[in-house]
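In case you want the letters, here they are:
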Amino acid sequence: MFSMEKNIHFADTPICQSCGMPLTAPEQFGKNADGTTNGDYCVYCCPNGEANMTGTLDEMIDFCAMAGIPAMHSHFGFIPEDPSSEQYKDFIKVMQDLANYAKERDMMIYFETGQETPTTLIRAIKDIGTGNVFVNCDLANLLMYGKANSLDAVKQFGSLIKEFHAKDGKYPDPNNPYELGAEVPIPTGEVDFPAVIAELKKQGFQGALTIECELNGARHDYVVQTRKYLQDLLNTSAKSTK
């Protein structure tokens, strides 16, 4: 999956216009048909002069279908905020093709949250319009990119949330806006897990709640401790809704 969640410096750093990968070294840029460097796409999305935005994702969908996995989820790059822009229209067309490919195989696609505001992602899902595109909600990503408050995002996404990544983080430092906010252990960050889980229960959320940890040096004990913390919240929320 495409992930851009830690220690990315955005100042003067070009990104792939397909997958959102930061292009920080010459060998990461794609190639034009004549062998010259393509400044818009990475080497994976444009290896030989033609942008290949869906090939690898098609293969991922095929694998999921073969394995009986009901949905493929990924970061799909940076969705343009302006729906009238040509980039946005191109993005929607690419995602419609991909979503229809998945639909033909009884598969769903989940957008992992992070790079765009909830409103932008909801708009894109509505404009894709295939009925099989939903949200894998990672609230830490939204905070780390400075895109949304955790509880407000859950309320906005509502029934679009099909899976949930339990991860904590902080907003970007206003004195250093060139880096993402930091991932931190649950519950030491700014994701309001008690309020979020209560809201998910209120909405009737039935998906998986997966502990995601990308912290250096994280240990088995952290996962065990975090599972207990989240289970206690789930149990408390269950009692309060009876």
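Keep in mind the model is a prediction, meaning the values are calculated, not measured.

Conventions and cut-offs
Residues numbered from 1 in each chain as written. Predicted model: local features only at pLDDT ≥ 70, side-chain atom pairs only at ≥ 80, totals over all residues. Heavy atoms only, no water. Helix = DSSP H or I, 4+ residues; strand = E, 2+ residues; numbered from the N terminus. Buried < 20%, exposed > 50% of the residue type's maximum accessible area, 1.4 Å probe, protein only. Contact = heavy atoms within 4.5 Å. Areas by Shrake-Rupley, 256 points an atom, 1.4 Å probe, with all protein chains shown as cover. pLDDT = per-residue confidence, 0-100. Axes fitted to C-alpha atoms, helices over the stretch in contact; angles between N-to-C directions. Parallel < 35°, antiparallel > 145°, perpendicular 65-115°, else oblique. Left-handed = near helix turned anticlockwise from the far one by under 90°. Core = buried A, V, L, I, M, F, W, Y, C linked by side-chain atoms within 4.5 Å. Pairing = 2+ DSSP bridges. Patch = residues over 30% accessible without salt bridge, like charges linked within 9 Å, V, L, I, M, F, W, Y side chains within 5 Å. Salt bridge = Lys/Arg side-chain N within 4 Å of Asp/Glu carboxyl O.

**Student:** Would you mind showing me how to read the overall build of the protein chain here?
**Tutor:** Within the protein chain, the regular secondary structure consists of seven helices and nine strands. When each of the 242 residues of the protein chain is scored for burial, the buried share is 43%. Within the protein chain, contacts between residues at least 6 apart in sequence are counted, and of these 66% link residues at least 24 apart. Within the structure as shown, the protein chain displays about 12,500 Å² of accessible surface, and the carbon and sulfur contribution to it stands at 51%.

**Student:** What am I meant to see in the confidence of the model for the protein chain here?
**Tutor:** The predicted coordinates should not be examined in detail at positions where pLDDT is low. Of the residues in the protein chain, 87% have a pLDDT of 70 or more, and the chain-wide mean is 87. Predicted confidence in the protein chain is weakest over helix α1 (residues 55-67), with a mean pLDDT of 84, and strongest over helix α3 (residues 118-128), with 98.

**Student:** Any chance you could explain the packing of α3 against helix α5 (residues 150-157) here in plain terms?
**Tutor:** Two quantities define a packed helix pair, namely the angle between the helix axes and the distance between the axes. Running from N to C, α3 and α5 point in directions that differ by 15 degrees, and their axes come no closer than 10 Å. Taken together, the axis directions place α3 and α5 in an arrangement best described as roughly parallel. As for how α3 packs across α5, the hand of that crossing is right-handed. Of the residues in α5, those in contact with P118, T119, L121 and I122 of α3 are A153, Q156 and F157.

**Student:** How do you make sense of the nonpolar core when you look at a structure like this?
**Tutor:** In globular proteins that are soluble, nonpolar side chains generally tend to be buried together. If you look at the biggest cluster of nonpolar residues, it comprises 49 residues, and the most contacted ones within it are F76, I109, F111, L139, F157 and F164. When residues of this core are assigned to their parent elements, the largest contribution, eight residues, is made by helix α2 (residues 86-103).

**Student:** I tried to follow the sheet that holds strand β5 (residues 133-138) on my own but got confused; where do I start?
**Tutor:** By way of backbone hydrogen bonds, the strands of a sheet pair with one another, either parallel or antiparallel. Pairing within the open sheet is parallel, and its five strands lie in the order β3-β4-β5-β6-β9. Both edges of this open sheet fall to β3 (71-74) and β9 (209-211), since each of them pairs with a single strand only. Taken pair by pair, the neighbouring strands of this sheet meet at an average axis angle of 25 degrees, ignoring direction. Across four bridges, the pairing between β3 and strand β4 (residues 108-112) is parallel. By the bridge assignment, S74 is partnered in β4 with F111. Lying over the sheet, α3 contacts β4 and β5, oriented at roughly 160 degrees with respect to β5.

**Student:** Mind showing me how you'd approach a nonpolar patch on the surface here?
**Tutor:** Judged by side-chain polarity, F63, M66 and I69 come together as a nonpolar surface patch covering roughly 330 Å² of accessible area. Along the chain, M66 turns up in helix α1. Residue class for M66 comes out exposed when judged on its relative accessible area of 64%.

**Student:** Where do I start with α3 in this structure?
**Tutor:** Because an α-helix completes one turn every 3.6 residues, residues spaced three or four positions apart along the sequence face the same direction. For α3, the full list of buried residues reads P118, T120, L121, I122, A124, I125 and I128. Within two residues after α3, G129 carries a phi angle of roughly 70 degrees, on the positive side.

**Student:** Sorry if this is basic, but what is going on with the environment of D192 here?
**Tutor:** Here D192 lies in the loop between β8 (183-184) and α6 (193-203). Of the residues examined, D192 reaches a relative accessible area of 37% and is grouped as partly exposed. As a C-alpha pair, D192 and L151 span 41 residues in sequence and 6.8 Å in three-dimensional space.

**Student:** Sorry if this is basic, but what is going on with unusual backbone geometry here?
**Tutor:** Glycine aside, residues mostly have negative phi, and peptide bonds are mostly found in the trans state. Here the bond from I186 into P187 is cis, since omega is 5 degrees, no more than 30 degrees from zero. Along the chain, P187 falls in the loop between β8 and α6. The backbone of D106 sits at a positive phi, close to 55 degrees, despite the residue not being glycine.

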